[in-house]
Every structure is written in structure tokens, then in C-alpha cells.
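# Architecture and fold: a report
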Amino acid sequence: MIKKLILVFFISFFSGCSVTSQSQSTDSIINTADRQIWIPADENELEQRRILQARFDEIEKDIESLFLRIDVLGSDQINMRGGIKKIPPDIESMDKTVSGMIKQEESRVNNLGQQLNYVRQNNKIFDTEIERLNQTIKLDPIFSSRDYVDAFLSFRKRQYAKSANLFRKALQSNPPYELTDNLLFGLGMSQYRLGNISKVSKPLSRLISKYPDSEKWYMSHLVLALTHYKKREKSQALYFLQKGLKKNPPYFIRSMFMNLNKLIHK
């Protein structure tokens, strides 16, 4: 009986050792660095995310509100293009004067025989060239203050696709220099609201380059910072914020810079 108990003991002992060594060898092949633990966000973290997004939304609304508060068009700027309409009559008067001079010259050489024929042949060549130029040269489009105002009204009504088209059309019609920064910013903001993030940079970069003294210069840096942050380019977003702050923005815009800088750092 004692021999049987001893035999059972040794069998149990060696079986336990075998299982333990196999378990250890199985666990040892798993690299602990490869193990990933997913911990779902708790209610507090979700609430913090909602608060952070709400602050971003407030900054976007502040930028848009500041943009729309600016006087869209002054009476001097509307009448600025009026002087251009007087140019065609002046050109017509000059044409008549030149034509009179040509007739005087023809009369002077009327008795010169071969020279007169030579002049007439040249005149035919000139007439052909003028006709060709008249057919190929087109007048530049003229800026319309109505399109300018409609672009802002469409943006205010959140019709961003329409406002983007109107801002782009106004930019292509030789707008006054004093209004071009508004048009560029309006186009950039319309694209931002449409979610066309890749199309925001071009008009705002042009504004920054051409209008360093405009208030839109600072606001463009804010929008570009938001744009890069949405693209998960945090360093680029902070770069535009720091660049705008170095130029000492007005106090009501500076606070927006500081708030956005804090949000991005969180």
C-alpha cells in the first residue's frame, strides 16, 4: 500500500512539472510590448472632449462674426469704378483726332504720285491689322458692387457654395485694391465652411502676402491655424498662431489667438 502511494506521488509530481514548464514556454513567446489594452473613455473624458469642441466652435463663430461686422462697401468704393466708364469716350475722341491728322497727311502727299500709292498700301495693311486686333482684344470684366454685396449676403445666409462662387467671380473682375482683402478672406472662409480644407490656404496666403496691414491679415492666420489643426498638423497650426502674435494684433483679436493657442495645447 505504501509503495502504491509513493508511486502515485511521483507520477503527480512529474506531471505537474511538465504542465508548468509548458505553460511557461507558451507565455514566454508573447512579447509584453506587443500587448495592447484598449480602455474606453469614461464619462468625464467624453465631457472634456465636448467642452473642447464647443470652445473651437465659439472661436469659429467669433471669426465669422467679426468678418461680417465690417462695412462691406463704402460709397466711394462703389463709385471708384465709375471713372473707368469715361475712358472709352476719351479714346474715341483721340481716334477722331488721329484720323484727322491722317487725312491732312494724305492731302499733303496727294501730288507725290508713287509715294501716295505707297501710303495707301500701308493704310490697307494698318486697317487689316486694326480689324484683327478689334476681333481678338476683349475688354476686361468690370467689377460689380452688386456681386460683392450678394457674396456677403449669401455667406450670412450660410449659402457657402454660392458665396464662394460670388467671391471668386468678384476677384476675377478687377476689384478695387481696398476691397480685395475682403474678397480673399470671404473666399477662404466659404471654403472652410464647406469643408474644402485644401482650398482654404490659397486665397488666405495671397491675402497675407499682399495685405500685411489689413485686419484680415490676423484673421487669416487664425483660420489657417484652425485649418492645420483639423488636418492634425498641430505644429503648423501653432506656427501660424505664433506668427500672428509676433505682429502684435489688436486686443480683440489677440484674445482669440490666446484662446486658440490654449485649446491646441490641450
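For the structure itself, consult the block above.
Values in this document were obtained by computation on a predicted structure and should not be read as measured data.

### Focus on the packing of aromatic side chains
All told, the structure shown has twelve aromatic pairs when counted by the stated rule. In textbook terms, an aromatic cluster arises when at least three aromatic residues are bridged by ring pairs, as seen for Phe67, Phe143, Tyr148, Phe152, Phe155, Tyr160, Phe167 and Phe185. Over the face of the ring belonging to tryptophan 217 we find lysine 247, whose NZ or CZ atom lies 4.1 Å from the ring centre.

### Details of helix 11 (residues 234-246)
Every α-helical turn comprises 3.6 residues, leaving residues that sit three or four positions apart pointing alike. With 13 residues, helix 11 extends 19 Å from end C-alpha to end C-alpha; this agrees with the ideal 18 Å at 1.5 Å per step. Those residues of helix 11 lying buried are Ala237, Leu238, Phe240, Leu241, Gly244 and Leu245. Looking down the long axis of helix 11, one finds its buried residues gathered within 160 degrees of arc, a one-sided arrangement. Facing away from the buried side of helix 11 by over 90 degrees, the exposed positions are Ser235 and Lys246. Tucked into the core, helix 11 has its buried residues touching helix 10 (215-230) and helix 12 (251-265). Phi turns positive, to about 55 degrees, at asparagine 248, one or two residues after helix 11.

### Some thoughts on the packing of helix 2 (residues 43-69) against helix 10
With their axes 11 Å apart at the nearest point, helix 2 and helix 10 run at an angle of 150 degrees to one another. By the angle class used here, helix 2 and helix 10 are roughly antiparallel. Crossing handedness for the pair helix 2 and helix 10: left-handed. Residues Phe56, Ile59, Glu60, Ile63, Leu66 and Phe67 of helix 2 pack against Lys216, Met219, Leu222, Val223, Leu226, Tyr229 and Lys230 of helix 10. Class assignment for the residues of the contact of helix 2 with helix 10 results in ten nonpolar, no polar and three charged.

### Some details on the side chain of aspartate 147
For aspartate 147, the position within the fold is in helix 6 (residues 145-156). For aspartate 147, the side chain forms a polar contact with the side chain of lysine 169, separated by 3.4 Å. Contact partners of aspartate 147, with chain neighbours within four places excluded, come to Leu166 and Lys169.

Conventions used here
Residues numbered from 1 in each chain as written. Predicted model: local features only at pLDDT ≥ 70, side-chain atom pairs only at ≥ 80, totals over all residues. Heavy atoms only, no water. Phe/Tyr/Trp six-rings, centres within 6.5 Å; stacked < 30°, edge-to-face > 60°. Lys NZ or Arg CZ within 6 Å of the ring centre and 35° of its normal. Helix = DSSP H or I, 4+ residues; strand = E, 2+ residues; numbered from the N terminus. Expected span 1.5 Å × (residues − 1). Buried < 20%, exposed > 50% of the residue type's maximum accessible area, 1.4 Å probe, protein only. Arc of directions from axis to C-beta. Contact = heavy atoms within 4.5 Å. Axes fitted to C-alpha atoms, helices over the stretch in contact; angles between N-to-C directions. Parallel < 35°, antiparallel > 145°, perpendicular 65-115°, else oblique. Left-handed = near helix turned anticlockwise from the far one by under 90°. Nonpolar A, V, L, I, M, F, W, Y, C, P; charged D, E, K, R; others polar. Polar contact = N/O pair within 3.5 Å; in protein donor to acceptor, adjacent residues only side chain to side chain.

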